[in-house]
Amino acid sequence: MSSSPIFCAIDRPDPAGALTLARSLNGVVGGVKLGLEFFCASGPAGVRTVGEAGLPIFLDLKLHDIPNTVAGAVRSALALEPAMLTLHAAGGRAMLEAAVAAKREAGAATWLLAVTVLTSLDDGDLADTGISGDAGAQVERLARLAVAAGVDGLVCSPHEIARLRRNLPADVKLVVPGIRPAGPSGDDQKRVMTPQEALAAGADVLVVGRPITVAADPAAAAAALLGSGPSR
Ligand code: C5P
């Protein structure tokens, strides 16, 4: 297995295409991320199919419900032996603790990762939901809550890494999307860093989707990512 810190986000619904892509990346990336688009279309059976590629799987399900329901969902998801599984820190302390307890009871090695504030939300969007102040402060508040509840790590944007590294225990894992190679990019990620910058800032795992998945040669694109220079 590759020791690369890169997990490739396979944002597509079909298991056959996802398996072909995952197979082509075996030995080049550290694993693959399957999210809600894939899981809603293809479910646990689809996850098992992609697992045939032999790569660790990051199951990005962003669980958020009452504690009992989330604990049950964690138990069900752990049957798929994902390397990582996400839940929303905004679900609150009891929900986070129930998820952590379910993981510990299962004896699973899976990293439970908390999502704080979605990067699609700005200060105005947060104000609409009754949360005043800046998004960065809310990210830190939710991160502290999740870490106190016992999660293994957090999903955060590249520009949150430094603040979280300053304020959280060093063993908290930081898993970071919004990664782009140096040079122009035509897609919708606005606040990006190169892989080197994010790793230097303290990221443990980098989530990269389209720079790999839309490339003519995904394996070559993934390999090249760790050799790219400074961001725009
Ligand atoms: O294609 P791209 O590299 O932008 O894909 C990034 C992946 O990380 C997508 O699956 C996206 O949903 C996810 N993600 C993100 N930003 C966040 C959280 C998750 O881009 N804040």
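Residues numbered from 1 in each chain as written. Predicted model: local features only at pLDDT ≥ 70, side-chain atom pairs only at ≥ 80, totals over all residues. Heavy atoms only, no water.

Trainee: Looking at this structure, I do not really get the packing of helix H3 (residues 67-78) against helix H4 (residues 93-106). What am I missing?
Mentor: Helix-helix packing is described using two parameters, namely the angle between the two axes and the distance between the axes. Close contact between H3 and H4 brings their axes to 8 Å; oriented N to C, the two are set at 30°. Crossing of H3 against H4: the hand is right-handed. Packed against H3, whose contacting residues are Pro 67, Val 70, Ala 71, Val 74, Arg 75 and Leu 78, the element H4 presents Ala 94, Met 95, Ala 98, Ala 99, Ala 102, Lys 103 and Ala 106 at the interface. Classifying every residue of the contact of H3 with H4 by side-chain character gives 11 nonpolar, no polar and 2 charged. (Axes fitted to C-alpha atoms, helices over the stretch in contact; angles between N-to-C directions. Helix = DSSP H or I, 4+ residues; strand = E, 2+ residues; numbered from the N terminus. Left-handed = near helix turned anticlockwise from the far one by under 90°. Contact = heavy atoms within 4.5 Å. Nonpolar A, V, L, I, M, F, W, Y, C, P; charged D, E, K, R; others polar.)

Trainee: What's the story with the site of the ligand in this structure? I'm lost.
Mentor: The ligand sits among Ala 9, Asp 11, Lys 33, Thr 119, Pro 177, Arg 180, Gln 189, Val 207, Val 208, Gly 209, Arg 210 and Pro 211. The backbone of Gly 209 places a nitrogen or oxygen atom 2.7 Å from an oxygen atom of the ligand. A total of 460 Å² of accessible area belongs to the ligand in isolation, and the protein chains cover 81% of it. The class makeup of the residues in the shell around the ligand is 5 nonpolar, 3 polar and 4 charged. (Near = heavy atom within 4 Å. Polar contact = N/O pair within 3.5 Å; in protein donor to acceptor, adjacent residues only side chain to side chain. Areas by Shrake-Rupley, 256 points an atom, 1.4 Å probe, with all protein chains shown as cover.)

Trainee: Even after reading the chapter, I still don't get the packing of helix H1 (residues 15-25) against helix H10 (residues 218-225), so can you show me in this structure?
Mentor: It is at 8 Å that the axes of H1 and H10 come closest, and there the two elements cross at 50°. Considering their axes alone, H1 and H10 lie oblique with respect to each other. As H1 runs across H10, the sense of the crossing is right-handed. Here Leu 21, Ser 24 and Leu 25 of H1 lie close against H10, whose contacting residues are Pro 218, Ala 219 and Ala 222. Counted by class, the contact of H1 with H10 contains 5 nonpolar, 1 polar and no charged residues. (Parallel < 35°, antiparallel > 145°, perpendicular 65-115°, else oblique.)

Trainee: Looking at this model, I keep getting lost on the pairing of strand S2 (residues 31-34). Mind explaining?
Mentor: Neither face of S2 is left uncovered, since the one carrying Gly 31 and Lys 33 and the one carrying Val 32 and Leu 34 both have all their residues buried. Summarising the sheet, strand S1 (residues 6-9) and S2 pair through 3 bridges and their orientation is parallel. Note that in S2 the partner of Ala 9 across the bridge is Lys 33. Remark: the S1/H1/S2 crossover connection has right-handed handedness. In terms of strand pairing, S2 meets strand S3 (residues 57-63) through 3 bridges, oriented parallel. Looking at S3, one finds that Lys 33 is bridged to Phe 58. In this view, the connection linking S2 to its parallel neighbour S3 by way of helix H2 (residues 36-51) has right-handed handedness. (Buried < 20%, exposed > 50% of the residue type's maximum accessible area, 1.4 Å probe, protein only. Pairing = 2+ DSSP bridges. Right-handed = clockwise from strand over helix to strand, strands pointing away.)

Trainee: What am I meant to see in the sheet that holds strand S6 (residues 153-155) here?
Mentor: The parallel closed barrel is built from 8 strands, whose spatial order is S1-S2-S3-S4-S5-S6-S7-S8. Direction aside, the axes of adjacent strands within the sheet are offset by 25° on average. In the packing of H2 onto the sheet, the strands contacted are S2 and S3, and the crossing angle to S3 comes to about 150°. On the sheet, H3 packs against S3 and strand S4 (84-88) and is oriented at approximately 165° with respect to S3.

Trainee: Just to check I follow, could you spell out the nonpolar core for this structure?
Mentor: A general tendency of soluble globular proteins is for nonpolar side chains to be buried together. Residues Leu 59, Leu 154 and Ile 212 are the most contacted members of the largest nonpolar core, which totals 65 residues. Residue contributions to this core peak at 8 residues, all from helix H6 (residues 135-149). Judged by nonpolar contacts, the second largest core, of 10 residues, contains Phe 7, Leu 113, Val 155 and Val 175. (Core = buried A, V, L, I, M, F, W, Y, C linked by side-chain atoms within 4.5 Å.)

Trainee: When you look at H6 in this model, what are you seeing that I'm missing?
Mentor: At 3.6 residues per turn, the α-helix brings residues three or four places apart onto the same side. Under the 1.5 Å per step criterion, the end-to-end length of H6 is 21 Å for 15 residues, consistent within 8% with the ideal 21 Å. The complete set of buried residues in H6 reads Ala 135, Gln 138, Val 139, Glu 140, Leu 142, Ala 143, Leu 145, Ala 146, Val 147 and Ala 149. If you follow the buried residues of H6, they end up packed against H4, strand S5 (111-115), helix H5 (123-128), S6 and helix H7 (161-167). In this structure Asp 134 caps H6, since a side-chain oxygen of it lies 3.2 Å from the backbone nitrogen of Gly 136. Positioned one or two residues after H6, Gly 150 has a phi angle of 105°, which is positive. (Expected span 1.5 Å × (residues − 1).)

Trainee: How do you make sense of the packing of aromatic side chains when you look at a structure like this?
Mentor: Two numbers describe a pair of aromatic rings. These are the distance of the centres and the angle of the planes. Applying the stated criterion across every chain, the model contains 0 aromatic pairs. Looking at Lys 33, its charged tip hangs above the ring of Phe 58, at a distance of 5.9 Å from the centre. (Phe/Tyr/Trp six-rings, centres within 6.5 Å; stacked < 30°, edge-to-face > 60°. Lys NZ or Arg CZ within 6 Å of the ring centre and 35° of its normal.)

Trainee: Would you take a moment to explain the pairing of S1 for this structure?
Mentor: On a regular strand, one side chain projects to one face of the sheet and the next to the other, so that they alternate. The alternating pattern of S1 places Ile 6 and Cys 8 and Phe 7 and Ala 9 on opposite faces, both of which are buried. The pairing of S1 with strand S8 (residues 205-208) spans 3 bridges and is classified as parallel. Paired with Phe 7 across the two strands is Val 207, which belongs to S8.

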